[in-house]
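# Observations on the three-dimensional arrangement
This is what each chain is made of:
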Amino acid sequence: MSTIVECNNLSHSYGKSLALDDISLRIESGKIVGLFGPNGSGKTTLIKMLTGMIHDETGAVTICGNPVGEKSKAVVSYSPDRVAYRPDSKITGLLDMYELMYDDFDRNNAEDSLKELGIGTEEYVGKLSKGSAEKLQIILTMSRKAKFYILDEPINGVDPVSKENIIKIMLGNVPDKSSIMISTHQIEEIEQVLDEAIFIKEGKIVFHKSVDELREETGKSLLDAYKEEFR
């Protein structure tokens, strides 16, 4: 088993506000990991560091053995917490863009997934429902053959049927040795698919454990453990 993500003594401040405080963590290959914490806990800052959106950190981050940069970005597929496409974007144009930008993009897989969910490639993003726009973004993200997928609030604010479809898309075509980090407040919706969970609080990691080990050791669900930690 190889290491996908390694963070050592990672800190970051916004002015006088410390967003991450000496974080160290490791994510191995083939893992589905949940990242949980209240608003302002440091989740977004950590994601921005992993995706290279923030560079001036103290400490070190590597992805597949490479520091965050051109090589790491080539193996990370990221879905932000809001639909990132312009309303006047045509879906076929987005497919063209992904195919041009990413050598690991599987266009056939994306088109098959869109067809299965009834989303036409000639449609415009602005004409899609919220649920369909979320599905589109997840399909494009997960149709890359990446090493590390980062999904920020992928099921926030969508109906129960859409949540089931999005979770199916998230897990359907992941390469065996790739890993996924899912940041969400919807713990109950994804608890059963997780291998590990990370709790972050006031910029510190207070919990990083196998979900199965948690249940065996405490008899608690992940949601109950979260409520106990953050009440």
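Structure shown above.
The paragraphs below set out a description of the structure included in this document. (Residues numbered from 1 in each chain as written. Predicted model: local features only at pLDDT ≥ 70, side-chain atom pairs only at ≥ 80, totals over all residues. Heavy atoms only, no water.)

### Digging into the overall build of the protein chain
As a reminder of what qualifies: A run of DSSP states H or I qualifies as a helix once it reaches four residues; a run of E qualifies as a strand once it reaches two. Both are numbered from the N-terminal end. Only protein chains enter the area calculation, which uses a 1.4 Å probe; residues under 20% of their type maximum are buried, those over 50% are exposed, and those in between are partly exposed. By definition in these notes, contact holds between two residues if any of their heavy atoms fall within 4.5 Å. Only the protein chains shown count as cover for residues, and all accessible areas are computed by the Shrake-Rupley method using a 1.4 Å probe. Counted charges follow a simple rule, with Lys and Arg positive, Asp and Glu negative, and His plus the chain ends left uncounted. To locate a charge, the coordinates of NZ of Lys, CZ of Arg, CG of Asp or CD of Glu are taken.
Helix and strand counts for the protein chain come out as nine helices and 10 strands. For the C-alpha atoms alone, the extent of the protein chain along its principal axes is close to 45 × 40 × 35 Å. Looking at the protein chain as a whole, 48% of its 231 residues qualify as buried. Taking all contacts inside the protein chain whose residues are at least 6 apart in sequence as the whole, residues at least 24 apart take part in 69%. Total accessible area on the protein chain stands at roughly 11500 Å², and carbon and sulfur atoms take up 45% of it. A gap of 3 Å separates the mean positions of the 28 positive and 38 negative side-chain charges of the protein chain.

### Quick notes on a nonpolar patch on the surface
The condition is simple: Candidates for patches are residues over 30% relative accessible area with no salt bridge; among them, like charges are joined within 9 Å and nonpolar side chains (Val, Leu, Ile, Met, Phe, Trp, Tyr) within 5 Å. By convention in these notes, a salt bridge is any Lys or Arg side-chain nitrogen within 4 Å of a carboxyl oxygen on Asp or Glu.
A surface patch of nonpolar side chains, amounting to about 340 Å² of accessible area, comprises Met97, Leu100 and Met101. Inspection of the secondary structure assignment puts Met97 in helix α3 (residues 91–101).

### Thoughts on the nonpolar core
Counted only if it meets this: Think of a nonpolar core as a cluster: buried Ala, Val, Leu, Ile, Met, Phe, Trp, Tyr and Cys residues, connected wherever their side-chain atoms sit within 4.5 Å.
If you look at the biggest cluster of nonpolar residues, it comprises 43 residues, and the most contacted ones within it are Phe36, Leu136, Leu140, Phe199 and Leu222. In terms of residue count, the dominant contributor to this core is helix α5 (residues 130–142) (six residues). The residues contacting Leu140, other than those within four sequence positions of it, are Tyr85, Leu94, Leu95, Tyr98 and Phe105. Grouped together as the second largest cluster of nonpolar side chains are 23 residues, Ile27, Leu46, Ile63 and Ile198 included.

### Examining unusual backbone geometry
Notably, Glu153 is not glycine yet its phi reads approximately 50°, a positive angle. You can see Glu153 is positioned in the loop between β7 (148–152) and α6 (160–172).

### Structural notes on the packing of α3 against helix α4 (residues 107–116)
When two helices pack together, their arrangement is given by the angle between their axes and by how far apart the axes lie. Keep this limit in mind: Lines fitted to C-alpha atoms define the axes, with helix axes restricted to the stretch in contact, and inter-axis angles between N-to-C directions lie between 0 and 180 degrees. The labels follow the angle: roughly parallel below 35 degrees, roughly antiparallel above 145, roughly perpendicular from 65 to 115, and oblique for the rest. Crossing handedness is defined as follows: a turn of the near helix away from the far one that is anticlockwise and smaller than a right angle gives a left-handed crossing, while the clockwise case is right-handed. Ten residue types, Ala, Val, Leu, Ile, Met, Phe, Trp, Tyr, Cys and Pro, are classed as nonpolar, four, Asp, Glu, Lys and Arg, as charged, and the remainder, Gly among them, as polar.
Close contact between α3 and α4 brings their axes to 10 Å; oriented N to C, the two are set at 155°. When the axis of α3 is compared with that of α4, the two are roughly antiparallel. Classified by chirality, the crossing of α4 by α3 is right-handed. Here α3 contributes Ile91, Thr92, Leu95, Asp96 and Glu99 to the contact with α4, which in turn contributes Arg107, Ala110, Glu111 and Leu114. Classifying every residue of the contact of α3 with α4 by side-chain character gives four nonpolar, one polar and four charged.

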